[in-house]
Amino acid sequence: MKITNEQGLPAPLVALLARDFYTKGASQYSVTELMSPPKIRRLREQYDADMEIDVTKMIASQLGTFMHGKLEAKEVEGYTNEERIFTEVDGVVISGAIDLQQQVEGGVVIIDYKFVKAWSVKQGKDDWTTQLNIYKWLVESVKRVPVKGLQICAIIKDYSAHDTSEGYPEAEAVMIDIPMWDSVTTEAYVRKRLEMHRNAKVNHEFGEELQACTDEERWMSETVFAVKREGRKSAIRLFKTIEEATELAEKEKGYVETRKGEPKRCTGDFCGVSKWCKQYQGEINVTA
Ligand code: SF4
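In this text, all values refer to a predicted model and were calculated from it rather than measured experimentally.

Colleague: Describe the sheet that holds strand β10 (residues 237-239), and please don't skip the residues or the numbers.
Modeller: Sheet architecture is open: 3 strands sit in the order β10-β9-β11, paired in antiparallel fashion. Of all strands in the sheet, those bounded by a partner on one side alone are β10 and β11 (255-259). Strand-to-strand twist in this sheet, taken as the mean axis angle between neighbours without regard to direction, amounts to 30°. Pairing geometry for strand β9 (residues 224-228) and β11, over 5 bridges, is antiparallel. For lysine 228, the partnering residue across the bridge sits in β11 and is tyrosine 255. Here helix α8 (residues 242-252) sits on the sheet and contacts β9, β10 and β11; the angle it forms with β9, its principal contact strand, is near 0°.

See the structure below:
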C-alpha cells in the first residue's frame, strides 16, 4: 500500500503515522480479521500494491494505537496488560490481543479500550459484543480462567459537555458493560466466520464472485424522512416512516425530504478497496 501526503505534513509526523504498529503474531487470523468481511480481506490482498491512503486518514487510528502503547507499559497490580492468546480451530491459528484483564474473585473481567466518537457510544456497537465474547472464549478455553465480566472503556474524542441528548455519554470516558455469550454460541460464530473466509479464498482463486458484504458490514445508515419548511434551513423533525413525516408536514404546512441511507464504509472508502469492488461499483453505475 502506498502512503500519500497530500497536505505536505512534516516528514517526522508522516514517518510516525506511517509506522506499522500492528502485529497479529504467528496467527493466520486475528479476531478483528475474522470478524471483518471476507470480500474486503481478499480484495485488499489482491490490490495491495495499488492501494493508496493519505497519511491524514491514519491519524485517528494511530492516536488510538499510541494510547494503547502507553497503556500497555503502565503496569498496575491486579491487572494483566495486552496479552495475545492463540488457539487452533480446524488447523487454522487464530489470535486475539486483549487490552486488559482485571483479576476479580473467581476469575477475570476483560476490558477493551476504544477511542471513539460520542455517536458510537450512543448507538452501541454489535461488533464490540462479538469481539469481547471471542476474547472471553479464548481466555476460558485456552487459559482456563473463568470470565466474570466484559467491559468497554470508551474514551470519547469529541465529547461535548453541552450535549444532553438521550444516550449521550456522561463524561469524556465511560465504562460500558457488554452482555456475555456462552462458549457454544461463540465457538459456532468463530467456525462460521472461518468457513466464510476459507470459501472466499478458494472462490477468489478460481475467479468466482466474492460473497457480497452485508448492509451491516457496509455500515448502512438508515433512510430517514425530514420534515422541512420553506425558509428554514434545518429540518423540523426526522422520522423513520414517511407516514409520520407526512402527517407532521401537513400540520406544519411544510414538505418531506427523503434522506436515503448510504453504505458509509463503501462511500467513504473506509474498506480501501471500493474502486475495485464490483458490488459497490455496480450500484454507483446503476444510480449514476
Ligand atoms: S466497497 Fe463496500 S461492498 Fe465493496 S468491499 Fe468495500 S465495504 Fe464491501
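Colleague: Requested: an account of the site of the ligand, with residues and values cited.
Modeller: If you check the shell around the ligand, you find Lys39, Ile40, Cys213, Arg218, Arg265, Cys266, Cys271, Ser274, Cys277, Gln279 and Tyr280 and nothing else. For the shell around the ligand, the secondary structure elements donating two or more residues are α3 (38-47), α9 (264-267) and α10 (278-287). Looking at the shell around the ligand residue by residue, the class counts come to 6 nonpolar, 2 polar and 3 charged.

Colleague: Explain the nonpolar core residue by residue, including any values.
Modeller: The biggest cluster of nonpolar side chains holds 32 residues, and the ones touching the most others in it are Ile110, Ile134, Val139, Ala154, Val190 and Leu194. Of all the elements in the fold, those that place two or more residues in this core are α2 (31-35), β4 (79-89), β5 (92-104), β6 (107-116), α5 (118-123), α6 (126-143), β7 (147-156) and α7 (183-205). Broken down by element, the residue count for this core peaks at 7 residues, all from α6. Not counting chain neighbours up to four residues away, the residues in contact with alanine 154 comprise Lys114, Val116, Val121, Glu172, Ala173, Val174 and Ile176. Core analysis: the second largest hydrophobic core is formed by 12 residues, Ile40, Leu43, Met51 and Leu210 among them.

Colleague: Can you tell me about the environment of asparagine 5, naming the residues and giving the values?
Modeller: You can see asparagine 5 is positioned in the loop between β1 (2-4) and α1 (11-18). The class for asparagine 5 is partly exposed, based on a relative accessible area of 31%. Spatially, the C-alpha atom of asparagine 5 lies 8.7 Å from that of isoleucine 53, the residues being 48 residues apart in sequence. For asparagine 5, the residues in contact, after removing those within four places along its chain, are Val14, Asp54 and Val55.

Thresholds, definitions, all that
Residues numbered from 1 in each chain as written. Predicted model: local features only at pLDDT ≥ 70, side-chain atom pairs only at ≥ 80, totals over all residues. Heavy atoms only, no water. Pairing = 2+ DSSP bridges. Helix = DSSP H or I, 4+ residues; strand = E, 2+ residues; numbered from the N terminus. Axes fitted to C-alpha atoms, helices over the stretch in contact; angles between N-to-C directions. Contact = heavy atoms within 4.5 Å. Near = heavy atom within 4 Å. Nonpolar A, V, L, I, M, F, W, Y, C, P; charged D, E, K, R; others polar. Core = buried A, V, L, I, M, F, W, Y, C linked by side-chain atoms within 4.5 Å. Buried < 20%, exposed > 50% of the residue type's maximum accessible area, 1.4 Å probe, protein only.

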